[in-house]
Amino acid sequence: EAQVTQNPRYLITVTGKKLTVTCSQNMNHEYMSWYRQDPGLGLRQIYYSMNVEVTDKGDVPEGYKVSRKEKRNFPLILESPSPNQTSLYFCASSLLTSGTPDTQYFGPGTRLTVL
Amino acid sequence: GDSVTQMEGPVTLSEEAFLTINCTYTATGYPSLFWYVQYPGEGLQLLLKATKADDKGSNKGFEATYRKETTSFHLEKGSVQVSDSAVYFCALRWIQGAQKLVFGQGTRLTINP
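Residues numbered from 1 in each chain as written. Chains lettered and ligands numbered in written order. Predicted model: local features only at pLDDT ≥ 70, side-chain atom pairs only at ≥ 80, totals over all residues. Heavy atoms only, no water.

Caption draft 1: Region of the structure containing the pairing of strand 6 (residues 44-50) of chain B. Residue and element names in this part refer to chain B. In this structure, strand 5 (residues 32-38) lies alongside strand 6, joined through six bridges in antiparallel fashion. Across the sheet, Leu33 pairs through a bridge with Ala50, a residue of strand 6. From the end of strand 5 to the start of strand 6, which pair antiparallel, there are five residues, and Gly41 there has a positive phi angle of about 75 degrees. (Pairing = 2+ DSSP bridges. Helix = DSSP H or I, 4+ residues; strand = E, 2+ residues; numbered from the N terminus.)

Caption draft 2: Local environment of the pattern of salt bridges. Residues and elements named next belong to chain B. Tallying each qualifying case throughout the model produces eight salt bridges over all chains. The residue Lys56 makes a salt bridge to Glu63 at a minimum N-O spacing of 3.6 Å. Between Asp84 and Lys77 there is a salt bridge; the shortest N-O distance is 2.8 Å. A single burial state applies to Asp84 and to Lys77, both of which are buried. (Salt bridge = Lys/Arg side-chain N within 4 Å of Asp/Glu carboxyl O. Buried < 20%, exposed > 50% of the residue type's maximum accessible area, 1.4 Å probe, protein only.)

Caption draft 3: Molecular detail of the side chain of Arg93(B). Its location among the elements puts Arg93(B) in strand 10 (residues 86-93). Within the local environment of Arg93(B), its side chain forms a polar contact with the backbone oxygen of Pro101(A), the two atoms lying 2.9 Å apart. (Polar contact = N/O pair within 3.5 Å; in protein donor to acceptor, adjacent residues only side chain to side chain.)

Caption draft 4: Geometry of the environment of Ile21(B). Residues and elements named next belong to chain B. Among the structural elements, Ile21 can be located in strand 3 (residues 19-21). The spacing of Ile21 and Thr71 is 50 residues in sequence and 14 Å in space, taken between C-alpha atoms. Sequence-distant contacts of Ile21, defined by excluding residues within four places in its chain, comprise Gln6, Met7, Trp35, His74, Leu75, Tyr88 and Thr107. (Contact = heavy atoms within 4.5 Å.)

Caption draft 5: Region of interest: the sheet that holds strand 3 (residues 19-25) of chain A. Residue and element names in this part refer to chain A. An order of 1-3-8-7 is seen for the four strands of this open sheet, with the pairing classed as antiparallel. Strands with a single pairing partner mark the edges of an open sheet, and in this sheet they are strand 1 (4-7) and strand 7 (65-66). For strand 3 and strand 8 (residues 76-78), the ladder comprises three bridges, and the chain directions are antiparallel. Counterpart to Leu19 in the pairing with strand 8 is Leu78.

Caption draft 6: Summary view of the packing of aromatic side chains. Throughout the structure, instances matching the rule amount to twelve aromatic pairs over all chains. Consider the rings of Tyr64(A) and Tyr89(A), whose centres lie 5.9 Å apart with planes at 65 degrees: the pair is edge-to-face. Of this pair, Tyr64(A) sits in the loop between strand 6 (54-57) and strand 7 while Tyr89(A) sits in strand 9 (residues 87-94), and the two are 25 residues apart along the sequence. Owing to a relative accessible area of 1%, Tyr89(A) belongs among the buried residues under this scheme. Note on Phe89(B) and Phe103(B): the rings are 6.3 Å apart at their centroids and 90 degrees apart in plane angle, and the pair reads as edge-to-face. Highlighted residues: Phe89(B) in strand 10 and Phe103(B) in strand 11 (residues 102-103), separated in sequence by 14 residues. For the pair shown, Phe89(B) and Phe103(B) are each scored as buried. Here a set of aromatic residues connected by ring pairs shows up, and it is made of Tyr35(A), Phe90(A), Phe106(A), Phe34(B), Tyr36(B), Phe89(B) and Phe103(B). (Phe/Tyr/Trp six-rings, centres within 6.5 Å; stacked < 30°, edge-to-face > 60°.)

Written as structure tokens, this is what we have:
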């Protein structure tokens, strides 16, 4: 089954404790992206990757890191989480059509709470 | 910059009512337009899309027409069901050069039996 998986689905942590949210897709998609969803703000892009070893900042990259060492995986790293990073996080992937991301497939989400 | 504006929610309707969720965009050129739906506890999934002016996207009884003259992509359904309760997001992307989708803020729809 074609899918995007994220782990964990729920996480409660404390300020400053490094964490990683994993994302994996089995569709051989070039493009992967991380979004955060906050009430009244829709989805905002954190980072994206056009292919292995190619990553770039989205609209709200501060406080986050990513890596893309393999095509299928795109982990999101919070080196020192803070309460303002409490949010619902989505990973997405897509093929590239004419060099731009086509229909995006989303993971189920990770709800993060930073105390 | 590019932006998408959706009607504010929440929207509450009775089963079999007619649904319209408004979406307008601000952008130069001719982006592709999308509607995504997020059911409770799940990620977003594509509902329908249109890639050029006057195109009509349709799926699961929902329709939206790409109106260049009014820069709009309103979502409609003739008779909603309880199972349509979800959050709906309008989004745009450029055909060339864009690396992301630009999302509206989402509209929460609740259908009562």
